[in-house]
Amino acid sequence: IAAFAQKHLEDTIVELVRKQVRKYNIPYICLSGGTFGNVRLNQKIAELEGVKSVYIQPAMGDGGLGVGGALWEYWRTQKKWGHQFLRHVYLGPEFSEDQILASLKKHNLKHYKKTNNIEKLIAEALVTGDRKSTRLNSSHIPLSRMPSSA
């Protein structure tokens, strides 16, 4: 069943994209939404004649649909295409180390650790069953809330 579903998905979506590429002469494809987390599907789209580049919007859930719709409308109304690649997907607020430390103090959170290898620290916490650890990065200053036994 899974192989049939994958084949049907590929055939259907690839044909839809092929028609749009031909109709609008679009060499750069931007895809968004959960369906486009399917690597094999994206590979087939990238291999289509006339496609120079495929960009998968990083918000794989339905939240990415708005970005795709906005890009489509921009292209449709402006008849031009300009793009920049995201260097990272961390688009939320940024906090300085001083702000983070002030917040920890304000909320009386004393069990934290500054580390240069936060991934290892979090992996160890997960292995030991610590579900209370959190991660916060600030301009490459990773902090993790440690369990109260730390």
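Residues numbered from 1 in each chain as written. Predicted model: local features only at pLDDT ≥ 70, side-chain atom pairs only at ≥ 80, totals over all residues. Heavy atoms only, no water.

1. Remarks on the overall build of the chain
Working step 1: From N to C terminus, the chain includes five helices and five strands.
Working step 2: Order of helices (α) and strands (β) in the chain, N terminus to C terminus: α-β-α-β-α-α-β-α-β-β.
Working step 3: Burial statistics for the chain: of 150 residues in total, 24% are counted as buried.
Working step 4: Considering only contacts in the chain between residues 6 or more positions apart, those separated by 24 or more positions represent 64%. (Helix = DSSP H or I, 4+ residues; strand = E, 2+ residues; numbered from the N terminus. Buried < 20%, exposed > 50% of the residue type's maximum accessible area, 1.4 Å probe, protein only. Contact = heavy atoms within 4.5 Å.)

2. Description of the pattern of salt bridges
Working step 1: Tallied over the entire structure, the rule returns five salt bridges.
Working step 2: Among the salt bridges present, the one from Lys7 reaches Asp11, with a minimum N-O distance of 3.0 Å. With a gap of four residues between them, Lys7 and Asp11 both fall in helix α1 (residues 2-24), about one helical turn apart.
Working step 3: On the basis of relative accessibility, which here comes to 48%, the residue Lys7 falls in the partly exposed class.
Working step 4: With relative accessibility at 40%, the residue Asp11 sits in the partly exposed group.
Working step 5: Salt-bridge contacts for Glu15 lead to Arg18; the nearest nitrogen and oxygen are separated by 3.0 Å. With a gap of three residues between them, Glu15 and Arg18 both fall in helix α1, about one helical turn apart. (Salt bridge = Lys/Arg side-chain N within 4 Å of Asp/Glu carboxyl O.)

3. Things to note about the side chain of Glu10
Working step 1: In this fold, Glu10 is placed in helix α1.
Working step 2: Within the structure, Glu10 has its side chain in polar contact with the side chain of Gln6 (distance 2.7 Å).
Working step 3: Excluding its chain neighbours within four sequence positions, the residues that come into contact with Glu10 are Glu15, Arg40, Leu41 and Lys44. (Polar contact = N/O pair within 3.5 Å; in protein donor to acceptor, adjacent residues only side chain to side chain.)

4. Thoughts on the packing of aromatic side chains
Working step 1: Per the counting criterion, the structure on display carries three aromatic pairs.
Working step 2: Taken together, Tyr24, Trp72 and Trp75 form an aromatic cluster joined through their ring pairs. (Phe/Tyr/Trp six-rings, centres within 6.5 Å; stacked < 30°, edge-to-face > 60°.)

5. Digging into helix α2 (residues 39-46)
Working step 1: Of all the residues in α2, the buried ones are Leu41, Asn42 and Ile45. Down the axis of α2, the buried side of the element spans an arc of 95°, and every buried residue falls inside it.
Working step 2: Contacts made by the buried residues of α2 are with α1, β1 (28-31) and β2 (53-56).
Working step 3: The backbone nitrogen of Arg40 lies 3.3 Å from a side-chain oxygen of the residue at the head of α2, namely Asn38. (Arc of directions from axis to C-beta.)

6. Focus: the nonpolar core
Working step 1: Formed by 13 residues in total, the largest nonpolar core has its most connected members in Ile13, Val17, Ile29, Phe36, Leu41, Ile45 and Leu48.
Working step 2: Of all the elements in the fold, those that place two or more residues in this core are α1, β1 and α2.
Working step 3: Of the residues forming this core, the biggest block, four residues, is contributed by α1.
Working step 4: Setting aside its immediate chain neighbours within four residues, Ile45 contacts Ile13, Val14, Val17, Ile29, Leu31, Phe36, Val51 and Val54. (Core = buried A, V, L, I, M, F, W, Y, C linked by side-chain atoms within 4.5 Å.)

7. Section: the pairing of β2
Working step 1: Looking at chain direction, β1 and β2 are connected through four bridges and run parallel. Looking across to β2, one finds that Ile29 is bridged to Val54.
Working step 2: In this view, the connection linking β1 to its parallel neighbour β2 by way of α2 has right-handed handedness. (Pairing = 2+ DSSP bridges. Right-handed = clockwise from strand over helix to strand, strands pointing away.)

Remember, this is a structural readout, not a statement about activity or role.
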